[in-house]
Amino acid sequence: MLNNFPLWPESASTIAHRVDALYIFLLIVAGMMALLICALVIYFAARFRSRPGVRAEQIEGSNALEITWSVIPFLVFMVIFAWGAVVYFQERTPPTDATEVYVVAKQWMWKVEHAEGQREINELHVPVGRDVKLIMTSQDVIHSFFVPAFRIKQDVLPGRYTVEWFHATKPGTYHLFCAEYCGTQHSGMVGSIVVLEPAQYEAWVNGSPNGPLSATGEKMFAELGCSSCHRSDMPGRGPNLQGVFGKPVELADGRTLTVDENYLRESILDPGSKRVRGFQPIMPTFQGLVTEEQVNALVAYIKSISTAGTRIGANAMPSAVSASEGSVSSAAQPNGNQVQQ
Ligand code: CUA
């Protein structure tokens, strides 16, 4: 019967019933309070109505009553706070071994690229029963990636990555909406999430005409000349990027931060902002020279060489050596006279 009278969107992710349970709890608490207040208003209106010969009497102060109506709502709100925080942290914390998918939003479409190289527009194919992490950015204004059946929604911002994740529980096709007004055709910025059985998904994802995203990134890493400074075989003018992802790095200004997708992205587009300690501010910005998709490919590549058993730009080394040899020795001195920016 509920299929013909859908009060609730479909539930197709592991987080969905947790969000629903919290939401139902909020509805019940709010509903009970509303009923209680309505009933009391009606009762008091009748009980203390104006009657001939009865004088109104002012009642003042009752500590017991005031403490009761302060403490009970406080406890109810603390339950909501704690419960909401637990669900929020579950929803905000992607599992570390999740399948990663890059999403680029633009007016007015969703561009998706899988680590295996498959690309799609306004569609996202995912396997059932696996954690999927979306690494998202926008190439123009703020959008929002909203999948009601998964109970997930996350703003997609220009100039940085935001992340959301889900674990689909049943195959099917689910609505994808943009949930942030982003211009004339905002309402048309929709798509679908296609959840496939694992075998179907393998067939789909391996049918890609493109190589893996990290291989695209590796090629760009050589073509853009990154590999002439970021070397793994000898000290280079830039930090060795092998194995850096997920590790702490010390910056020139003394801060330490963990290398994540946003830091890699920022270092490509604004290299001076968080320079690694011991290196000169000589890296040019790639702002405007690379597209969002190309930044994603570079990030995917640098991540791929941080997992065991991979190597950095092996095919790019020979040509890069001669191009940079002249200045490597002088520029590679760590902690020389650094130019502060
Ligand atoms: Cu994109 Cu609204």
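Since we're looking at a predicted model, the values are computed, not measured.

**Brief notes about the sheet that holds strand 2 (residues 109-114)**
Pairing in this open sheet of 5 strands is mixed, and the strands run 3-2-1-5-8 from one edge to the other. On the outer flanks of this sheet lie strand 3 (119-121) and strand 8 (162-167), each paired with one strand and no other. In this sheet, adjacent strand axes meet at a mean angle of 25 degrees when their direction is disregarded. With 6 bridges joining them, strand 1 (residues 99-106) and strand 2 adopt antiparallel strand pairing. Note that in strand 2 the partner of V101 across the bridge is H114. Sitting on the sheet, helix 7 (residues 292-304) is in contact with strand 1, strand 2 and strand 5 (131-138), with an inclination near 160 degrees to strand 1.

**Some points on helix 7**
The end-to-end C-alpha distance of helix 7, which contains 13 residues, comes to 18 Å, matching closely the 18 Å that a straight helix rising 1.5 Å per residue would cover. Here helix 7 lies mainly inside the structure; 10 of its 13 residues are buried. Those residues of helix 7 that sit buried are E292, V295, N296, A297, L298, V299, A300, Y301, I302 and K303. In this fold, the buried residues of helix 7 make contact with strand 1, strand 2, strand 5, helix 4 (213-223) and helix 6 (261-269).

**Description of the sheet that holds strand 7 (residues 152-156)**
Across the sheet, 5 strands lie side by side as 4-10-9-6-7; this open sheet has mixed pairing. At either margin of the open sheet sits one strand with a lone partner, and together these are strand 4 (123-127) and strand 7. Averaged over all adjacent pairs, the angle separating strand axes in this sheet is 20 degrees, with direction ignored. Running at roughly 130 degrees to strand 4, helix 3 (residues 198-206) makes contact with strand 4 and strand 10 (190-196) of the sheet.

**Observations concerning the nonpolar core**
Core analysis: the largest hydrophobic core is formed by 28 residues, its most contacted members being A12, V101, V103, L134, M136, F150 and I193. Where this core is concerned, the elements lending two or more residues are strand 1, strand 2, strand 4, strand 5, strand 6 (143-147), strand 8, strand 9 (172-178) and strand 10. Non-local contacts of V101, meaning those with residues more than four positions away in its chain, are made with V112, H114, L124, V132 and L134. By size, the runner-up hydrophobic cluster in this structure holds 17 residues, among which are F221, C226, A300 and Y301.

**Some thoughts on the packing of helix 6 against helix 7**
Across the interface, helix 6 lies against helix 7 with an axial gap of 10 Å and an inter-helix angle of 125 degrees. Overall, the two elements helix 6 and helix 7 adopt an arrangement that is oblique. The chirality of how helix 6 crosses helix 7 is right-handed. Across the interface between the two elements, E261, L264, R265 and I268 of helix 6 pack against V295, L298, V299 and I302 of helix 7. Of the residues assigned to the contact of helix 6 with helix 7, the class counts are 6 nonpolar, no polar and 2 charged.

**Brief notes about the confidence of the model for the chain**
In the predicted model, the chain carries a mean pLDDT of 83, and the fraction of residues at 70 or more is 89%. Counted against residues more than four places away or in other chains, residues 308-341, with its pLDDT under 50, gives 38 contacts.

**Some remarks on unusual backbone geometry**
Here the amide bond leading from Q107 into W108 is cis, since omega sits at -5 degrees, within 30 degrees of zero. Relative to the elements of secondary structure, W108 occurs in the loop between strand 1 and strand 2. With a phi angle near 60 degrees, N122 is a residue other than glycine that sits in the positive phi range. Assignment of secondary structure puts N122 in the loop between strand 3 and strand 4. Taking the number of C-beta atoms within 10 Å as the measure of exposure, N122 has 15 and is therefore partly exposed.

Reading the values: the criteria
Every chain is numbered on its own, with residues counted from 1 as its sequence reads. The model is predicted, so local features are restricted to residues of pLDDT at least 70 and side-chain atom pairs to those at 80 or more, both for listing and for counting; the totals for chains, interfaces and linings are taken over all residues. Two strands pair if DSSP finds at least two bridges between them. Helix and strand assignments come from DSSP, with helices taken as H or I runs of at least 4 residues and strands as E runs of at least 2, each series counted from the N terminus. Axes here refer to lines fitted to C-alpha atoms; in helices the fit is confined to the stretch in contact. Angles between the N-to-C directions go from 0 to 180 degrees. The contact rule is simple: place each C-beta atom from the backbone, and if two of them lie within 7 Å, those residues are in contact. What a helix is expected to span follows from its residue count: subtract one and scale by 1.5 Å. Neighbour counting defines burial: a residue surrounded by 20 or more other C-beta atoms within 10 Å of its own C-beta is buried, one with 12 or fewer is exposed, and intermediate counts give partly exposed, using backbone-placed C-beta atoms. Any nonpolar core is a set of buried residues, restricted to Ala, Val, Leu, Ile, Met, Phe, Trp, Tyr and Cys, that join up through C-beta atoms within 7 Å. Should an angle fall under 35 degrees it is called roughly parallel, over 145 degrees roughly antiparallel, and 65 to 115 degrees roughly perpendicular, with every other angle called oblique. Take the far helix as the reference: if the near one is turned anticlockwise from it by less than a right angle, the crossing is left-handed, and if turned clockwise, right-handed. Side-chain classes are defined by residue name, with Ala, Val, Leu, Ile, Met, Phe, Trp, Tyr, Cys and Pro counting as nonpolar, Asp, Glu, Lys and Arg as charged, and the others, Gly among them, as polar. Across the chain, each position has a pLDDT score giving the predictor's confidence in that residue, from 0 to 100.

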